[in-house]
Amino acid sequence: MLDILYQRRSIRKYEKKPIEKEKVDQLIKAALLAPSARSAMSQRFIVVDDPVLLDKLAKVRAGASSFLKDATLGIVVIGDSSVSDVWVEDTSLAAIIIQLAAESLGLGSCWIQIRNRQHNEEVSAEEYIRNILGFPENLKVLCIISLGYPLERKPAKKDDELGFDRVSINGYNK
Ligand SMILES: Cc1cc2nc3c(=O)[nH]c(=O)nc-3n(C[C@H](O)[C@H](O)[C@H](O)COP(=O)(O)O)c2cc1C
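Below is a short write-up of the structure. (Residues numbered from 1 in each chain as written. Predicted model: local features only at pLDDT ≥ 70, side-chain atom pairs only at ≥ 80, totals over all residues. Heavy atoms only, no water.)

## Remarks on the site of the ligand
For the record, the criterion: One heavy atom suffices: a residue is near a molecule or strand as soon as one of its heavy atoms comes within 4 Å of it. What qualifies as a polar contact is a pair of N or O atoms within 3.5 Å, subject to a donor-acceptor requirement within protein and to the restriction that residues adjacent in sequence count only when both atoms come from side chains. Each accessible area value is a Shrake-Rupley result obtained with a 1.4 Å probe; residue values ignore everything except the protein chains displayed when judging cover. Lys, Arg, Asp and Glu make up the charged group, whereas Ala, Val, Leu, Ile, Met, Phe, Trp, Tyr, Cys and Pro make up the nonpolar group; the residues left over, Gly among them, are polar.
Neighbouring the ligand are R8, R9, S10, R12, R61, A64, F67, C110, W111, I112, Q113 and K157. With respect to the ligand, the backbone of Q113 contributes an N or O atom lying 3.0 Å from an oxygen atom. With the chains in place, 62% of the 620 Å² that the ligand exposes on its own is no longer accessible. Looking at the shell around the ligand residue by residue, the class counts come to 5 nonpolar, 2 polar and 5 charged.

Printed below as a string of structure tokens:
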């Protein structure tokens, strides 16, 4: 597990190579295995492999999401706010679990933030996606996880980059 945590990096360039169905199924299982507060299972997932849709979704936040058009898969991570008041936490856990599962399967991934972000001055990133994928107002989008076989390599994290000064023992700043 620690090895996967050290190795995982945000990958934004992808090979033009399909992801095997067994791996897609494993990613979906990983997402569904995420815990949720009170086991309310507030998380919803829209798995997108249609290149036309990926191209449209890639335009959601121009500079921060354009690489999604070259991804093999995008998983839109959604929380049902009518099911849980902590859908942000529930969905965040599912999103990172998808990313860690992807790393374990030899896939690259990147988080594209949607919550609290705008498509343009008038339209929120969430509204833009809702118009494309068609889901009701109670469903809130946290992020999209882009996925594909990596076409870029990034170094694993090193202990001296982790910021150990952020950790205190038995009290703040001790
Ligand atoms: C909450 C959150 C939001 C992020 N939003 C974006 C985003 O919109 N677009 C993007 O390209 N990367 C996004 N990232 C990826 C970060 O930029 C990346 O994790 C960070 O630079 C550290 O790099 P690493 O993932 O390779 O360790 C996001 C990551 C997190 C955790």
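Next comes the rest of the account.
## Concerning the layout of surface pockets
This is how the line gets drawn: Site definitions follow a grid-based scheme: protein atoms alone, a 1 Å grid, a 1.4 Å probe that fits but cannot get out for cavities, and for pockets an open set with protein on both sides within 12 Å along at least five of seven lines, plus lining residues having an atom within 4 Å of a point. Grid points are joined across faces, edges and corners, and a volume is the space filled by probe spheres set on the points.
If you add up the space inside the largest pocket, you get close to 260 Å³. Residue lining of the largest pocket: Q7, R9, I11, E103, G106, L107, G108, P150, L151, E152, R153 and K154, and that is the complete set. Of the residues that constitute the lining of the largest pocket, the class distribution is 4 nonpolar, 3 polar and 5 charged. In this structure, the second largest pocket occupies an estimated 160 Å³ of space. Contributing to the lining of the second largest pocket are E15, K16, K17, P18, D49, P51, L54, K69, D70, A71 and T72. Considered class by class, the residues forming the lining of the second largest pocket number 4 nonpolar, 1 polar and 6 charged.

## Observations concerning the pattern of salt bridges
Rule in force here: One speaks of a salt bridge when a side-chain nitrogen belonging to Lys or Arg is within 4 Å of a carboxyl oxygen belonging to Asp or Glu. Elements are defined by DSSP. Helices are runs of H or I of four residues or more, strands are runs of E of two residues or more, and each kind is numbered from the N terminus. Accessibility here uses a 1.4 Å probe with only protein chains present; expressed as a share of the type maximum, an area under 20% marks a residue as buried, one over 50% as exposed, and anything in between as partly exposed.
Applying the stated criterion to the full structure yields 6 salt bridges. Across the salt bridge formed by D80 and R44, the nearest N and O atoms sit 3.7 Å from each other. Linking D80 in strand β2 (residues 73-80) with R44 in strand β1 (residues 43-48), this pair joins segments that are 36 residues apart in sequence. By relative accessible area, D80 is classed as buried at 8%. Using a relative accessible area of 31% as the deciding quantity, one classes R44 as partly exposed. Note that R130 and E126 form a salt bridge whose closest N and O atoms lie 3.4 Å from each other. Of this pair, R130 and E126 both sit in helix α5 (residues 125-133), 4 residues apart, roughly one helical turn. We classify R130 as buried; its relative accessible area is 11%. Because the salt bridges share partners, they merge into one network encompassing E126, R130 and E137.

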